[in-house]
Amino acid sequence: VTELVNGAGVCKTSVAEAYQTKTVMPANRTAAGCSDVGTDNSTPPVVTDGLIEVDAAGGLSTQLQANGSGIKFFYQPMCAGAKCAADGSLGAITGWACDNTNAGTDITAKYLPATCRG
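Here we summarise the structure given alongside this text.

Cut-off values and rules
Residues numbered from 1 in each chain as written. Predicted model: local features only at pLDDT ≥ 70, side-chain atom pairs only at ≥ 80, totals over all residues. Heavy atoms only, no water. Buried < 20%, exposed > 50% of the residue type's maximum accessible area, 1.4 Å probe, protein only. Helix = DSSP H or I, 4+ residues; strand = E, 2+ residues; numbered from the N terminus. Pairing = 2+ DSSP bridges.

Counting buried residues in strand 3 (residues 72–79) gives seven out of eight residues, a clear majority hidden from the surface. The pairing of strand 2 (residues 51–55) with strand 3 spans four bridges and is antiparallel. Counterpart to D55 in the pairing with strand 3 is K72. Note: strand 3 against strand 5 (residues 95–97), three bridges, orientation antiparallel. Counted as the bridge partner of Q76 is A97 from strand 5.

This is the structure:
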């Protein structure tokens, strides 16, 4: 799962820089400036209004699903404790959520870094 976290993490920087420059969330991966390359175990990042998604692929996907886990990892930009608005109306990014409740990650918590377990 570290591959998913790292792939999404690199994209976090691009999303934050695009948001800071344009004062609106990037609508997609191209607007964010994120890579369009995945790995053997992860898909390329998908960006939707700042929300970053990287899914497990290949052997990692098979392994997670065999253990009853989902395969989707998300980073949700947070602004003052709430999900950032696409139009930038909630101000600056103050953090990133990667848990199930705030971000929608569906990978079983025991496979996630402690900061993503909610």
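This part covers unusual backbone geometry. With a phi close to 50°, D49 is a non-glycine residue in the positive phi region. In this fold, D49 is placed in the loop between strand 1 (46–48) and strand 2. With relative accessibility at 38%, the residue D49 sits in the partly exposed group. Phi angles above zero are rare outside glycine, and A80 is one such case at about 55°. Tracing the backbone through its elements, the reader meets A80 in the loop between strand 3 and strand 4 (82–83).

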